[in-house]
Amino acid sequence: MKILAIETSCDDTAIALVEASGTTSAPKFKVLKSVISSQIEVHRPWGGVVPNLAKREHIKNLPKIFDELKVKGENLKVDAVCVTVGPGLEPALWAGITFAKEIYERLKVENKKLKLIGVNHLEGHLYSFLLSQKTVNSKSKLLITKQTKKPNPIPYPLNPTFPAIALIVSGGHTILLNMQSPIKWKKLGETKDDAVGESFDKVAKMLGFPYPGGPEIQRLAEKGNLNAIRFPRPMIGSKDYNFSYSGLKTSVLYYLRDNPKTKKEDVAASFQEAALDVLVKKTERAAREYGARSIFLSGGVAANKELRRKLQVISQKLQVSFLAPPMNFNTDNAVMIAVAGYMSILRKKNRKFIADGNMGI
Ligand code: KG4
Ligand code: ZN
């Protein structure tokens, strides 16, 4: 089936056309078109995303991007319209929902069977591992069989096997899930305060870099000494799978106040090491505890090369598959919404068309 997907939960206006087929245990996706219009320049002077500005920009950009998808003079032919309904900034979400409903009404005249599907943004990130083309550890399938505690793994065309541990890390979320199958999971833990991406953004701001800070910190860290400063690793030893990033951010603030002459590269590298250390240690512990056969990484922070490298190392050590989306599908996009929308269609699951800023997973 052909899916039109719309994503406006934060500061990216994104629309995609995706061809989807297969079952929940063997879905297939072909990206026909994906357009993202970034609002970074609009929000930059404010040091973060301003919800009403985001809404205004989405309303302006959606019709323009939509026109790019169409063959001139023809109506778009799709089987489903999928739109993010939460979590996110509510004014921004409403812009997408309203636009999706209008398109749905227009296209429904010609296709009475057209579906309108509300999608959870976090499921979008989660399922973006399905866009991954290869696993890092090609021998993993063979080797894990001996090690797995739980029988009956679900075979997958892309090689991820279950149970799996999924780490979703973005500007708004830090979540660890235990997935028993592609459609069944349990939340193991999440952040109790700031999200890890938010801490990257805030530390970058302290160092004088614009939003979004993640890529800037990564760039600086490559040139710095990660052992220069010993920043705290909040909750690294806690028995649960929760996270906390606000204390780490504050210790960077105090450190900079007391040591203003330290090289920015060393601060960035030491901060990044502390922030990632907690993510990697908890993911590894969860993978061991739940006998995982795969580790999935997603969300904007999944673009971080050092995080990918560290998780690859532990995946090889544990001999499990490691899957992360291709580089262009880490940060917000509409292809992941089409993928999660298709999984919702297969699961016969739909959501209310009401923006829900705090929707969980
Ligand atoms: O998933 P996303 O696009 O939006 C949310 O749903 O929040 O994630 C954006 C977050 C921002 O905090 C940004 O700084 C972070 O992802 N990010 C990174 C990197 N690229 C983006 N964090 C660390 N390293 C990166 N390379
Ligand atoms: Zn996101």
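Residues numbered from 1 in each chain as written. Chains lettered and ligands numbered in written order. Predicted model: local features only at pLDDT ≥ 70, side-chain atom pairs only at ≥ 80, totals over all residues. Heavy atoms only, no water.

## Notes on the domain arrangement of the protein chain
Turning to step 1, where the next piece is worked out: Domain annotation for the protein chain reports domain 1 (2–127 + 328–346) and domain 2 (141–324).
Turning to step 2, where the next piece is worked out: Using C-alpha coordinates to define each centre, domain 1 is positioned 27 Å away from domain 2.
Turning to step 3, where the next piece is worked out: Taken together, the contact between domain 1 and domain 2 spans 19 residues of the former and 23 residues of the latter.
Turning to step 4, where the next piece is worked out: Buried area between domain 1 and domain 2, both sides added, is near 1700 Å², and the carbon and sulfur share of it is 68%.
Turning to step 5, where the next piece is worked out: Taken together, the links from domain 1 to domain 2 amount to zero salt bridges.
Turning to step 6, where the next piece is worked out: For the interface between domain 1 and domain 2, the tally reads five residue pairs in polar contact (both at pLDDT 80 or more). (Domains from an automatic or database assignment. Contact = heavy atoms within 4.5 Å. Buried area = accessible area lost by both parts, 1.4 Å probe. Salt bridge = Lys/Arg side-chain N within 4 Å of Asp/Glu carboxyl O. Polar contact = N/O pair within 3.5 Å; in protein donor to acceptor, adjacent residues only side chain to side chain.)

## Topic: unusual backbone geometry
With the exception of glycine, the majority of residues adopt a negative phi angle, and the majority of peptide bonds are in the trans configuration.
Turning to step 1, where the next piece is worked out: The omega torsion across Gly 86 and Pro 87 is -10°, close enough to zero to call that bond cis.
Turning to step 2, where the next piece is worked out: One can find Pro 87 in the loop between β4 (80–86) and α3 (90–108).
Turning to step 3, where the next piece is worked out: With an omega of 5°, the peptide bond between Phe 162 and Pro 163 qualifies as cis.
Turning to step 4, where the next piece is worked out: Along the chain, the position of Pro 163 falls in the loop between α5 (140–147) and β6 (164–169).
Turning to step 5, where the next piece is worked out: Although it is not a glycine, Met 235 adopts a positive phi angle of roughly 65°.
Turning to step 6, where the next piece is worked out: Note that Met 235 resides in the loop between α7 (214–221) and α8 (246–258).
Turning to step 7, where the next piece is worked out: Exposure remark for Met 235: the relative accessible area of 27% places this residue in the partly exposed category.
Turning to step 8, where the next piece is worked out: The phi dihedral of Gln 319 is positive, around 55°, even though this residue is not glycine.
Turning to step 9, where the next piece is worked out: Inspection of the secondary structure puts Gln 319 in the loop between α10 (305–318) and β10 (321–323). (Helix = DSSP H or I, 4+ residues; strand = E, 2+ residues; numbered from the N terminus. Buried < 20%, exposed > 50% of the residue type's maximum accessible area, 1.4 Å probe, protein only.)

## Concerning the packing of helix α6 (residues 196–206) against α8
Turning to step 1, where the next piece is worked out: Viewed as axis vectors pointing N to C, α6 and α8 meet at an angle of 10°, and their least axial separation amounts to 10 Å. Comparing their axes, α8 and α6 come out roughly parallel. Where α6 abuts α8, its residues Lys 202, Val 203 and Met 206 lie against Lys 249, Val 252, Leu 253 and Leu 256.
Turning to step 2, where the next piece is worked out: A breakdown of the residues in the contact of α6 with α8 according to their chemical character gives five nonpolar, no polar and two charged. (Axes fitted to C-alpha atoms, helices over the stretch in contact; angles between N-to-C directions. Parallel < 35°, antiparallel > 145°, perpendicular 65-115°, else oblique. Nonpolar A, V, L, I, M, F, W, Y, C, P; charged D, E, K, R; others polar.)

## A few points about the site of ligand 1
Turning to step 1, where the next piece is worked out: Near ligand 1 lie 19 residues; those nearest to it are Gly 171, Asp 201, Gly 214, Asn 304 and Asp 332.
Turning to step 2, where the next piece is worked out: Backbone polar atom of Gly 300 to an oxygen atom of ligand 1: 3.0 Å apart, as the coordinates give it.
Turning to step 3, where the next piece is worked out: Coverage of ligand 1 by the protein amounts to 91% of the 550 Å² it exposes when considered alone.
Turning to step 4, where the next piece is worked out: Breaking the shell around ligand 1 down by element, the ones donating at least two residues are α4 (121–127), α6 and α7.
Turning to step 5, where the next piece is worked out: Grouping the constituent residues of the shell around ligand 1 by class yields five nonpolar, 12 polar and two charged.
Turning to step 6, where the next piece is worked out: When residues of the shell around ligand 1 are assigned to domains, at least three fall in each of domain 1 (2–127 + 328–346) and domain 2 (141–324). (Near = heavy atom within 4 Å. Areas by Shrake-Rupley, 256 points an atom, 1.4 Å probe, with all protein chains shown as cover.)

## A closer look at the pattern of salt bridges
Turning to step 1, where the next piece is worked out: Considering all chains together, one arrives at 20 salt bridges under this definition.
Turning to step 2, where the next piece is worked out: Residue Glu 123 is joined to Arg 347 by a salt bridge in which the shortest nitrogen-to-oxygen separation is 3.7 Å. Within this pair, whereas Glu 123 is found in helix α4, its partner Arg 347 is found in the segment after α11 (335–346), the two being separated by 224 residues in sequence.
Turning to step 3, where the next piece is worked out: For Glu 123, a relative accessible area of 2% corresponds to the buried category.
Turning to step 4, where the next piece is worked out: With relative accessibility at 22%, the residue Arg 347 sits in the partly exposed group.
Turning to step 5, where the next piece is worked out: What you see here is one network of salt bridges that share partners, running through Glu 123, Arg 347, Lys 349 and Arg 351.

## Notes on the coordination of the zinc ion (ligand 2)
Tetrahedral coordination by four donors places them ideally at 109.5 degrees to one another around the metal; octahedral coordination by six donors ideally gives 90 or 180 degrees.
Turning to step 1, where the next piece is worked out: Donor atoms from the polypeptide that coordinate the zinc ion (ligand 2) comprise His 121 (NE2), His 125 (NE2) and Asp 332 (OD), at 2.1 to 2.2 Å from the metal.
Turning to step 2, where the next piece is worked out: Positions of the donor residues of the zinc ion (ligand 2), expressed as sequence spacing, correspond to H-x3-H-x206-D. Of this pair, His 121 sits in helix α4 while Asp 332 is found in the loop between β10 and α11, placing the two residues 211 residues apart along the sequence.
Turning to step 3, where the next piece is worked out: Residue Asp 332 is classed as buried on the basis of its relative accessible area, which comes to 14%. (Donors = N, O, S within 2.8 Å, 3.2 Å for Na, K, Ca; no water.)

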